[in-house]
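# Analysis of the macromolecular model
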Amino acid sequence: ASLTKLALRSREHVSDARIANLVSADVMAVLIAMLRLGASRPVEQRIDADSAERLSACLMMLSRPTADTTRLWLSDCHAAFAAMLKERKAVEESAENAAAIADGKAGRGGARAAKAAGKGSKQQPDLAASEMRQVDALLNLRQLRPYGAVDVDIDDDDVPGGATDALDGDDEQEDFAQRLKRVTQLTGMSDPVYAEAFVTVHQYDIVLDVLIINQSAETMANLCLELATVGDLKLCERPQSYTLQPGESRSVRANIKVASTETGIVFGSIVYDATGPLNADRTCIVLHDVHIDIMDYISPAPCSDLAFRAMWAEFEWENKVAVNTEIGDVSEFLQHVVKSTNMRCLTPPSALEGQSGFLAANLYARSNFGEAALVNVSIERRQSDGKITGYIRIRSKTQGIALSLGDKITLKQKGV
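Source: prediction; values computed, not measured.

### Some points on the pattern of salt bridges
In total, this model carries five salt bridges according to the counting rule given. With a closest N to O distance of 3.0 Å, Arg71 and Asp76 form a salt bridge. Taking relative accessible area as the criterion, Arg71 reaches 45% and is therefore assigned partly exposed. With relative accessibility at 32%, the residue Asp76 sits in the partly exposed group. Note that Arg393 is salt-bridged to Glu318, the shortest N-O span being 2.8 Å. Residue Arg393 is located in strand S16 (residues 388-396), and its partner Glu318 is located in strand S12 (residues 317-322); the two are separated by 75 residues in the primary sequence. The class of Arg393 is partly exposed, set by a relative accessible area of 27%. Three or more residues joined by partner-sharing salt bridges are found here, namely Glu318, Arg393 and Arg395.

See the structure below:
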């Protein structure tokens with residue numbers, strides 16, 4: 001290809017057409033000799049089909065050069081290669097920035113621990129000290145902290161997104177509408193006991209703040225909130241008993257430990273002892289289920305094409321989801337899938353530009369536990385009715401991620 005481009009550029013700089021033709025003839029002789037050498041038997045490793053086709057294309061270009069093909073080889077190919085290098089550099093810079101942000105948060109967490117160990121001493125600019133906790137550093141355990149208590153030193157896991165970001169004001173305060181989306185009603189409005197739960201998802205655990213209100217005119221004794229889980233969820237504490245007067249409310253906190261990335265369900269009931277004739281035959285109220293979304297545990301992450309192919313061949317769990325949507329544009333459907341699954345599209349934007357009836361893209365995300373999720377979207381638009389058909393293949397190392405992501409995609413594409 002380099003010799004071919006040199007021969008084409010010689011036509012622009014040499015005024016004599018005969019000399020330019022001689023240069024092209026010499027290059028064609030070299031290319032033909034390479035083709036014959038690669039196809040000859042004495043050679044140990046014969047030329048592959050792609051290289052032979054490339055050399056043949058160069059010969060055709062030199063034998064019949066035109067203005068359009070010359071511009072394609074000399075200008076358009078250079079611009080496409082420069083755009084590819086620019087996209088690759090942008091991906092590498094974003095990955096380095098993400099790693100730097102993660103290292104910065106870890107360094108600030110270690111610095112706060114060193115400050116708690118020696119508040120009066122001036123911290124030395126030591127890299128090892130900023131990345132390690134001291135022996136006598138303060139450790140915060142959320143499960144052992146009283147409800148409503150505020151500590152001076154806050155652990156990173158106590159604030160979503162990192163305590164340092166919250167203290168520095170980097171993250172915006174969550175508005176009231178977003179908080180209402182995480183409130184789940186557990187009982188009906190006409191039940192003797194009204195309960196609702198505010199779900200807070202941390203990195204490795206879930207906190208349920210349950211508000212219980214006695215709506216009856218009788219006192220409820222030995223009221224207990226009994227919870228159970230489905231999936232890799234584990235309750236951290238035993239339920240306690242309370243006594244609620246008529247109209248009295250109480251907030252109960254339940255801590256649930258998360259072991260892996262998959263959709264979990266929290267269910268249970270409220271049991272109490274009746275003290276009057278109005279609720280004598282109603283001592284147990286079954287609560288509505290609380291579904292833990294997998295989207296709270298996965299986040300988009302960078303990944304190279306080579307690593308993606310290696311993991312795709314290694315992972316054994318696969319979930320194949322058929323596309324069933326009302327969206328008529330393939331690029332719009334891909335953006336909808338990326339937004340619904342909270343994943344990163346590894347296919348460069350230049351490969352997705354333009355109007356086309358088919359599309360193939362790779363998505364990648366990583367969970368808080370280091371588990372990788374791979375998604376391949378292969379779709380096309382039918383010319384008969386304009387609907388999108390195809391499949392979305394999900395692969396992961398564990399079964400829970402593959403099934404949970406498949407259910408999420410199926411639910412989201414039907415809701416369009």
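Here the narrative resumes, following the displayed structure.
### Quick look at the nonpolar core
In this structure, Ile206, Ile212 and Ile270 are the most contacted members of the largest nonpolar core, which totals 28 residues. At the level of elements, strand S2 (193-201), strand S3 (205-214), strand S4 (220-230), strand S6 (241-244), strand S7 (249-258), strand S8 (264-274) and strand S10 (290-292) are the ones that each hand at least two residues to this core. It is S2 that provides the largest number of residues to this core, a total of five residues. Dropping the residues within four chain positions of it, Ile270 is found in contact with Val193, Ala195, Ile212, Leu223, Cys224, Leu225, Thr283, Cys284, Ile285 and Leu287.

### Quick word on the packing of helix H1 (residues 2-13) against helix H3 (residues 49-63)
It is at 10 Å that the axes of H1 and H3 come closest, and there the two elements cross at 10°. When the interaxial angle is binned, H1 and H3 end up roughly parallel. Contacts from Thr4, Ala7 and Leu8 in H1 reach Cys58, Met61 and Leu62 in H3.

### Description of the sheet that holds S7
Strands sit in the order S1-S2-S3-S7-S5 across an open sheet of five strands; the sheet is antiparallel. Every other strand in the sheet has two partners, leaving strand S1 (183-185) and strand S5 (233-235) as the edge strands with one partner each. The average angle at which neighbouring strand axes cross in this sheet is 30°, direction not considered. Where S3 meets S7, nine bridges bridge the pair, whose relative direction is antiparallel. Residue Val207 lies in a different strand from S7, and its bridge partner there is Asn255.

Thresholds applied
- Residues numbered from 1 in each chain as written.
- Predicted model: local features only at pLDDT ≥ 70, side-chain atom pairs only at ≥ 80, totals over all residues.
- Heavy atoms only, no water.
- Salt bridge = Lys/Arg side-chain N within 4 Å of Asp/Glu carboxyl O.
- Buried < 20%, exposed > 50% of the residue type's maximum accessible area, 1.4 Å probe, protein only.
- Helix = DSSP H or I, 4+ residues; strand = E, 2+ residues; numbered from the N terminus.
- Core = buried A, V, L, I, M, F, W, Y, C linked by side-chain atoms within 4.5 Å.
- Contact = heavy atoms within 4.5 Å.
- Axes fitted to C-alpha atoms, helices over the stretch in contact; angles between N-to-C directions.
- Parallel < 35°, antiparallel > 145°, perpendicular 65-115°, else oblique.
- Pairing = 2+ DSSP bridges.

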